[in-house]
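Descriptive structure summary
This is what each chain is made of:
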Amino acid sequence: MLNKLQYVMDMVEKRNPNEPEFLQAVEEVLESLEVVATKNPEFLDAGIFERIVEPERQIFFRVPWVDDNGKVQVNRGFRIQFNSAIGPYKGGLRFHPSVNASIIKFLGFEQIFKNALTTLPMGGGKGGCDFDPKGKSDAEVMRFCQSFMSELNRHIGQFTDVPAGDIGVGAREIGFMYGQYKKIRNESVGVLTGKGLQYGGSLARTEATGYGLCYLTEAMLNDHGSSFAGKTVVVSGSGNVAIYATQKATEMGAKVVALSDSAGYIYDENGINLDVVKDIKEVRRARIKEYVDAVPTATYTEGCAGIWNIPCDVAMPCATQNELNEEAAKTLVKNGVKAITEGANMPCTPEAVSIIQANNVLYVPGKASNAGGVAVSGLEMSQNSLRLSWTFEDVDARLKAIMEEIYANISTTAKEYGLEGDYVAGANIAGFLKVARAMLAQGVI
Ligand code: NDP
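Calculation rules
- Residues numbered from 1 in each chain as written.
- Predicted model: local features only at pLDDT ≥ 70, side-chain atom pairs only at ≥ 80, totals over all residues.
- Heavy atoms only, no water.
- Pairing = 2+ DSSP bridges.
- Helix = DSSP H or I, 4+ residues; strand = E, 2+ residues; numbered from the N terminus.
- Axes fitted to C-alpha atoms, helices over the stretch in contact; angles between N-to-C directions.
- Near = heavy atom within 4 Å.
- Polar contact = N/O pair within 3.5 Å; in protein donor to acceptor, adjacent residues only side chain to side chain.
- Areas by Shrake-Rupley, 256 points an atom, 1.4 Å probe, with all protein chains shown as cover.
- Patch = residues over 30% accessible without salt bridge, like charges linked within 9 Å, V, L, I, M, F, W, Y side chains within 5 Å.
- Salt bridge = Lys/Arg side-chain N within 4 Å of Asp/Glu carboxyl O.
- Parallel < 35°, antiparallel > 145°, perpendicular 65-115°, else oblique.
- Left-handed = near helix turned anticlockwise from the far one by under 90°.
- Contact = heavy atoms within 4.5 Å.
- Nonpolar A, V, L, I, M, F, W, Y, C, P; charged D, E, K, R; others polar.
- Core = buried A, V, L, I, M, F, W, Y, C linked by side-chain atoms within 4.5 Å.
- Buried < 20%, exposed > 50% of the residue type's maximum accessible area, 1.4 Å probe, protein only.

1. Regarding the sheet that holds strand β12 (residues 362–364)
On the basis of which strands lie adjacent, the open sheet formed by seven strands has the order β9-β8-β7-β6-β10-β11-β12 and mixed pairing. Here the strands that pair on one side only, and so sit at the sheet edges, are β9 (299–302) and β12. Strand-to-strand twist across the sheet, computed as the mean angle between neighbouring axes with direction ignored, equals 15°. Where strand β11 (residues 339–341) lies against β12, three bridges are found, and the strand directions are parallel. Looking at β12, one finds that Ile 340 is bridged to Tyr 363.

Written out as structure tokens, the structure is:
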């Protein structure tokens, strides 16, 4: 319940009607910050709370392109430059038909705190487009990406705003956008992360979010006298985050038994064969249901929400926002789930989070547990500035250290504010304090 910060929430609701995801993300953070408003009145005096919920800049733009039939298509592009108190705006680009201002603003808002938690100097931003890469030819995707960057290039830069990938934006899309940026601006700089290894990308960026999720989860399990070894795990999604979370959890001794896409889920009691999944998703860009063609002992069920009915010790939602609702949370609890860590951004609804926390299930929100992707993006920026490439082992070791540090930070912060074990509060408060102190130091801007 909000008390001291209700006036901030009222203002956000008035200014941003019809933006449910953004309001959901802000309310969740403000609820955690009530204790900060009490303990640190200097932030109230300086108007930090009302400033941090208002993006510094919002850019909406037309993205016209020509499809393979010669027909003109028009999409809407977004870049939300939310907060630059601790560094250049940093956050991914999402290409998905559901993209709108509410979704990009919720993601940009969460990104502020996530980036602060990585300990690297990166502000928060997010962008994207309501373009659907699914079913498009490579040539169409290229023409779209070029048009998107023809406008975006004037708003970003290596010291200003450094976008990366997200849903629907992988190595192919980053390559096309980077090429267009270079052509227009005539400069080879690290303006995007997630680049190909041949032109400034970092080793381990592809794996970073999924691996980082598992490093943090393992650190938390260890802290509670447990580990991944011997655990049954359910991972939703089958994209970048899900694939590499599955890989690392398996390496750590767990058995991942399920994956999904937006149409349905697969269950393989012997443990997911990731070579099959990578061939379907990364090579052929096909549907997860084809898994059962290669592994006939596995089953496929239509409808992605049913994946949470599968009993597991650890659940890692890695698909999209609000994919795990109250009903799903109750089922997971009934089936004895021990830990839920988020690979996706805001995959659990507020009602689901209440159920999870009320039943003492270990739970870490995405802004802490999926920070590995942006952390390695930050390391990609460092390598670009140094004009050097670090080895996979070096980047992976830094990623592991960062994720363990994030867990220690959110755990200690929760304790300091009298909320031991509440990692939602720990993440929100720790992320907020770093940004708020920087804002305080820089005056009212
Ligand atoms: P991908 O595009 O690689 O994969 C997304 C996966 O989620 C696909 O399996 C997709 O299925 C599924 N999905 C997408 N939208 C929906 C939907 N509306 N309902 C059900 N399933 C859906 O994206 P990523 O793996 O990169 O991203 C997944 C999540 O992780 C997102 O929340 C993203 O913001 C977050 N994240 C990603 C980071 C990264 O480094 N990539 C970093 C931090 C967070 P289908 O193919 O059927 O659409």
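2. Structural notes on the site of the ligand
In the region of the ligand, 26 residues are neighbours, and Asp 166, Thr 209, Ser 262, Arg 287 and Asn 345 sit closest. Arg 205 has a polar side-chain atom sitting 3.1 Å from an oxygen atom of the ligand. Between the ligand and the protein, one listed contact pairs an oxygen atom with a side-chain N or O atom of Thr 209 at 2.7 Å. Contact with the protein chains covers 84% of the free accessible surface of the ligand, which is 880 Å². For the shell around the ligand, the secondary-structure elements that each account for two or more residues are α8 (205–223) and α9 (240–251).

3. A look at a nonpolar patch on the surface
On the surface, a nonpolar cluster with roughly 250 Å² of combined accessible area is contributed by Val 66, Val 72 and Val 74. You can see Val 72 is positioned in strand β2 (residues 72–83).

4. A word on the packing of α8 against helix α16 (residues 392–416)
Running from N to C, α8 and α16 cross one another at 45°; their axes reach a closest spacing of 9 Å. Between α8 and α16, the interaxial angle falls into the category oblique. α16 is crossed by α8, and the crossing has right-handed handedness. Contact residues: Glu 207, Ala 208, Tyr 211, Gly 212, Tyr 215, Leu 216, Ala 219, Met 220 and Asp 223 in α8; Phe 392, Asp 396, Leu 399, Lys 400, Met 403, Glu 404, Ile 406, Tyr 407 and Ser 411 in α16. For the contact of α8 with α16, the per-class residue count stands at eleven nonpolar, two polar and five charged.

5. Structural notes on the sheet that holds β2
Reading across the sheet, the five strands line up as β1-β2-β4-β3-β5 and stay open at both edges, with mixed pairing between neighbours. Unpaired on one side and paired on the other, β1 (57–66) and β5 (161–164) mark the two borders of the sheet. Geometrically, the sheet is characterised by an average inter-axis angle of 20° between neighbouring strands, direction not taken into account. As judged from the four bridges shared by strand β3 (residues 89–95) and β5, these two strands associate in the parallel manner. Across the sheet, the residue bridging to Gly 92 is Ala 164, located in β5.

6. Observations regarding the nonpolar core
Counting 59 residues, the largest nonpolar core has Phe 228, Tyr 291, Met 316, Ile 406 and Ile 410 as its most contacted members. Among the elements that line this core, the one with the most residues is α8, at nine residues. Setting aside chain neighbours within four positions, we find Tyr 291 in contact with Ile 266, Asp 268, Gly 271, Ile 272, Asn 273, Val 276, Val 277, Ile 280 and Ala 298. Core analysis: the second largest hydrophobic core is formed by 44 residues, Val 8, Leu 23, Phe 49 and Phe 106 among them.

7. Side note on the pattern of salt bridges
Side chains bearing opposite charge may pair, as long as their charged atoms lie close to each other. Summed over the entire model, instances satisfying the criterion amount to 21 salt bridges. Between Asp 138 and Arg 172 there is a salt bridge, with its nearest N and O atoms 2.6 Å apart. On the criterion of sequence distance, the pair formed by Asp 138 in helix α6 (residues 138–152) and Arg 172 in helix α7 (residues 171–185) is long-range, its members being 34 residues apart. Judged by relative accessible area, Arg 172 falls into the buried class, the value being 17%. Ionic pairing is found between Lys 400 and Glu 404, a salt bridge with its closest N-O pair at 3.1 Å. One end of the pair, Lys 400, and the other, Glu 404, are both in helix α16, four residues apart, so they sit about a helical turn from each other. A residue is classified by how much of its surface remains accessible, and Lys 400, at 34% relative accessible area, is partly exposed. The class for Glu 404 is partly exposed, based on a relative accessible area of 34%. Each of Glu 28, Glu 110 and Lys 367 takes part in a single network of salt bridges with overlapping partners.

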